[in-house]
Amino acid sequence: TRIIPDSKGKLPLQDGYDYIVVGAGIGGLVVANRLTEDPSVSALVIEAGNLDDRAEDVSIPGNIGFEDPRRYEVKVKMAEQEFLDGKVRIFSQGKAVGGSTIVNGLVWTRGSVADFDAWERLGNPGWAWSDILPYFEKSESYSAPVKNVSGAQPLLHPVAGNHGDRGPVQVSYPNYYYNQSYNFLDGIRELGIPINEDPNSGNATGASIVPSSMSGKNQSRADARTAYLDPALERPNLHLITGYSVTRVLHGNGGATSSNSTHDPRDSGLRVTGVEKTTISCRKEVILAAGAIISPVLLQVSGIGPVALLESLGIDVAIDLPGVGSNFQDHPTLQPVYEYTAPDIFTAWDIVGSTRDAVRQEYLTNRTGPWTAPMVNAAAFAALSWVTDREEDILNEAANATANLPPSYDSTLRAGYDAQRAELISMLARADTPAYEVMSTSWGQLAVSAMQPFSRGTVSARSASVFGNAPPLVDPRFCAHPVDCRLLLLGLGFNDRLIRTPPMAALAPVPPPGFGAADARNETALDEAMRSKITSGFHPSGTTSMLPLEHGGVVDPSLRVYGTRNLRVVDAGVIPLIPGAHIQAAVYAVAEKPLGLIVDDYNTDESEETGGRYYQG
Ligand SMILES: Cc1cc2nc3c(=O)[nH]c(=O)nc-3n(C[C@H](O)[C@H](O)[C@H](O)COP(=O)(O)OP(=O)(O)OC[C@H]3O[C@@H](n4cnc5c(N)ncnc54)[C@H](O)[C@@H]3O)c2cc1C
């Protein structure tokens, strides 16, 4: 691999590449790696961020949440959240080779059989659980420790059934568990939630010690860079530019094309910033993998998106595609801390001063001790019927309450939403898909996320350039559908019961202001306290959805943008319906899957355009 860092000068590039990939996160690096396994294929990856320095704040799981590698993050301001408290929130996104996997929390969960079967029913043949399972397996090397390292019963699934053992991403468990993880799991059991020893089997509910994207041997972060770039460094046919941002997809002569172009559609290109503006051409395809926030904005500023938005910004319309930037989903999340005040409780917050020196030394010498443990050791995924006797009321509310869809949604997006809502309701009614998740940290944070969100938002360019004065408008519209807040309230009520179980009461947890036992009984007050605290679960997705055109889709089941012949999106944006899980495992699997389709397009017949509405104006 030729890595071309931010040279601030002329870019030493080839005349052209077969494939040009925008963004070196999960989607970009998986696709670039798999394509260049064939030495006759050339690919260029362009990444806005830089190679990370493998410093301790990146690679050591115990640093997550404390010494975050902020230098590899960009903060994106959300629109004021009108269904919460009217205030803005911040999204984090990775900006580095490896994308958000350089800064993420390592939690490795796939979701349930039902999550992916719903993708297929929504109009995506070949994307059911049984179809995507081989790609979950292909992406990972799963290992569970055979010995009990921390003294307590680890409750892990030790056998690698349905798990990959030769894939690039190391998935394993830490060599250390905080005792509080077991208080949590014991308390959860007292509330009738079963232990799930393998949350990645397709049955996603129950309480677990969660697997992490980390090396079992080195006890360090496994990310898209270590998994998919580092092993390919010897390949001369893979080039990577770092520190440069793609600003536009070009159409026709030098760009991904619409059918009314007179130019060769294969002659694609991108505009890239640097000291000197550069245009790069490619022979086969452009693959957008800039993540669920930026990929739709790049499409919009390149003239592919909802015609009304593009015209309002003075952007020439190439393809009127109403779904670009819509169907935005995330897991709304609360992070209340029930501080453990019993004496002699050791938490990650105690790792300071000389204790920190000792913990660090133990980690560096033996790869054992608290620094092997990521922020989240244990989590519970609760099925709705396990946690309420008002299940029918909630399902009725899910079906009948107004979803407050964004006014910009056209009839296709509304029809697509109706189909998704039916799937979500059937998932809420099942025992193997979660209504909410509770994540436990060593210091008493019991974070609650609604796992089947019914609200939908938008990502919209606010200028004709990605670098215009106005950054894009990112609006998840958290709790636009009221059932999302209802599920979060249910989760907080659950926390209140949980901290009063004997195993948890032994930790003497103190609820944060507004979240105490009396508050939990007063739903109105709790609801108000809660709305000011809801924020992102860091899982933006859906903004370039794989759905039929008549349901607001942006890409077809081969991840090709409707109306183009040589432009695909391969990142979290193509997820049509967010799984009830942390999404990195799904994004890796999604990115592994289209390889055959991409390559076949150029080895067999000419690819056909796949529908789309060409702008005639
Ligand atoms: C703080 C945080 C914690 C998270 N924790 C977890 C977790 O514990 N478990 C889990 O499953 N998921 C987690 N996630 C989510 C997960 O990491 C993402 O869903 C996943 O990385 C998305 O992959 P992607 O390929 O869509 O985009 P990314 O991995 O974000 O990669 C996109 C890349 O594109 C680059 N880019 C953007 N614009 C341009 C441009 N114009 N030109 C060139 N390059 C560009 C970016 O710099 C970035 O490197 C977390 C995310 C964050 C931010």
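To keep things clear, this report deals only with the structure shown in the data block. (Residues numbered from 1 in each chain as written. Predicted model: local features only at pLDDT ≥ 70, side-chain atom pairs only at ≥ 80, totals over all residues. Heavy atoms only, no water.)

### Remarks on the overall build of the chain
Scanning the chain from terminus to terminus reveals 18 helices and 24 strands. For the chain, with 617 residues in total, the buried portion stands at 62%. Per element, the accessible surface of the chain, about 21,400 Å² overall, is 50% carbon and sulfur. (Helix = DSSP H or I, 4+ residues; strand = E, 2+ residues; numbered from the N terminus. Buried < 20%, exposed > 50% of the residue type's maximum accessible area, 1.4 Å probe, protein only. Areas by Shrake-Rupley, 256 points an atom, 1.4 Å probe, with all protein chains shown as cover.)

### Description of the nonpolar core
Counting 152 residues, the largest nonpolar core has W119, F184, L288, Y436, L446 and I534 as the members making the most contacts within it. Among the elements that line this core, the one with the most residues is helix 13 (residues 482-499), at 10 residues. Other than its neighbours up to four places away in sequence, L288 contacts V22, V249, S295, L298, L299, L567, R568, V569, V570 and D571. Y178, A348, W371 and W443 belong to the second largest nonpolar core, which has 9 residues in total. (Core = buried A, V, L, I, M, F, W, Y, C linked by side-chain atoms within 4.5 Å. Contact = heavy atoms within 4.5 Å.)

### Details of the site of the ligand
Among the 35 residues in the neighbourhood of the ligand, the closest are listed as E47, S100, V246, A572 and Q584. N104 is positioned with one of its side-chain polar atoms (N or O) 3.1 Å from an oxygen atom of the ligand. Between G105 and the ligand, the recorded distance is 3.0 Å, taken from a backbone N or O atom to a nitrogen atom. Put simply, the parts of the chain that give the shell around the ligand at least two residues each are helix 1 (26-35), strand 3 (43-47), strand 5 (90-94), helix 7 (291-301) and helix 17 (584-592). Along the lines of polarity and charge, the residues of the shell around the ligand split into 17 nonpolar, 15 polar and 3 charged. (Near = heavy atom within 4 Å. Polar contact = N/O pair within 3.5 Å; in protein donor to acceptor, adjacent residues only side chain to side chain. Nonpolar A, V, L, I, M, F, W, Y, C, P; charged D, E, K, R; others polar.)

### Some words on the pattern of salt bridges
Counting across every chain of the model gives 26 salt bridges. Among the ionic pairs, D52 bridges to R225, the shortest N-O distance being 3.0 Å. Within this pair, whereas D52 is found in the loop between strand 3 and helix 2 (56-59), its partner R225 is found in helix 6 (residues 224-229), the two being separated by 173 residues in sequence. Both residues of the pair, D52 and R225, count as buried. A salt bridge links R360 to E56, with the shortest nitrogen-to-oxygen separation between them at 2.8 Å. (Salt bridge = Lys/Arg side-chain N within 4 Å of Asp/Glu carboxyl O.)

### A short note on the state of the cysteines
Going through the model one piece at a time under the given rule, you end up with 1 disulfide. Disulfide pairing places C479 opposite C485 at an S-S distance of 2.3 Å. Residues C479 and C485 share a disulfide whose torsion about the S-S bond is about 95°; that sign makes it right-handed. Judged on exposure class, the residue C479 and its partner C485 are both buried. (Disulfide = S-S within 2.5 Å.)

### Some remarks on the sheet that holds strand 15 (residues 333-334)
Reading across the sheet, the 5 strands line up as 8-17-18-19-15 and stay open at both edges, with antiparallel pairing between neighbours. At either margin of the open sheet sits one strand with a lone partner, and together these are strand 8 (206-209) and strand 15. Bridge analysis of strand 18 (residues 436-440) against strand 19 (residues 446-450) gives 5 bridges, and the strand direction is antiparallel. Its bridge partner lying in strand 19, V438 is registered against V448. (Pairing = 2+ DSSP bridges.)

### Description of helix 1
Most of helix 1 sits inside the fold, with 10 of its 10 residues counted as buried. The complete set of buried residues in helix 1 reads I26, G27, G28, L29, V30, V31, A32, N33, R34 and L35.

### Re the packing of aromatic side chains
One pass over the full model with this rule turns up 16 aromatic pairs. Residues F116 and W119 carry aromatic rings whose centres are separated by 4.8 Å and whose planes lie at 65° to one another, so their mutual orientation is edge-to-face. Residue F116 and its partner W119 are located together in helix 3 (residues 113-121), separated by 3 residues, close to a single helical turn. For F116, a relative accessible area of 0% corresponds to the buried category. Using a relative accessible area of 0% as the deciding quantity, one classes W119 as buried. Members of the aromatic cluster, each reached through a chain of ring pairs, are F116, W119, W127, W129 and F136. (Phe/Tyr/Trp six-rings, centres within 6.5 Å; stacked < 30°, edge-to-face > 60°.)

### Re helix 16 (residues 523-531)
In an α-helix, one turn spans 3.6 residues; hence positions three or four apart end up facing the same way. Within the span of helix 16, buried status applies to L526, D527 and M530. Angular distribution of buried residues about the axis of helix 16 spans 105°; they occupy a single face of the element. Residues of helix 16 that are exposed and point over 90 degrees away from its buried face: T524 and E528. (Arc of directions from axis to C-beta.)

### Some thoughts on the environment of A429
In this structure, A429 sits in the loop between helix 12 (411-428) and strand 18. Classification of A429 by relative accessible area gives partly exposed; the value is 41%. Taking the C-alpha atoms as reference, A429 lies 6.8 Å from L384; in sequence the two are 45 residues apart. Excluding residues within four positions of it along the chain, A429 makes contact with E391 and L395.

### Quick look at the environment of Q170
By the element assignment, Q170 lies in strand 7 (residues 169-171). Here the alpha-carbon distance between Q170 and S215, two residues 45 residues apart in the chain, equals 5.0 Å.

### Let's talk about the packing of helix 11 (residues 391-400) against helix 13
It is the contact of helix 11 with helix 13, at a shortest axis distance of 9 Å, that shows an interaxial angle of 155°. Relative to helix 13, the element helix 11 lies roughly antiparallel. Contacts between helix 11 and helix 13 involve I394, E397 and A398 from the former and P482, V483, R486, L487 and L490 from the latter. Residue composition of the contact of helix 11 with helix 13, grouped by class: 6 nonpolar, no polar and 2 charged. (Axes fitted to C-alpha atoms, helices over the stretch in contact; angles between N-to-C directions. Parallel < 35°, antiparallel > 145°, perpendicular 65-115°, else oblique.)

### Digging into the packing of helix 1 against helix 17
When two helices pack together, you describe them by how their axes are tilted relative to each other and by the distance separating the axes. Between helix 1 and helix 17, whose axes approach to 9 Å, the crossing angle comes to 35°. The handedness of the crossing between helix 1 and helix 17 is right-handed. Between helix 1 and helix 17, the residues in contact are I26, G27, V30, V31 and R34 and Q584, V587, Y588, A591 and E592, respectively. (Left-handed = near helix turned anticlockwise from the far one by under 90°.)

### A short note on the pairing of strand 5
Walk down a regular strand and you will see the side chains alternate between the two sheet faces. Most of strand 5 is tucked away, with 4 of its 5 residues classed as buried. With 5 bridges joining them, strand 4 (residues 73-77) and strand 5 adopt antiparallel strand pairing. Pairing of E73 across the sheet is with G94, part of strand 5.

Shape is all these values report; function is a separate question.
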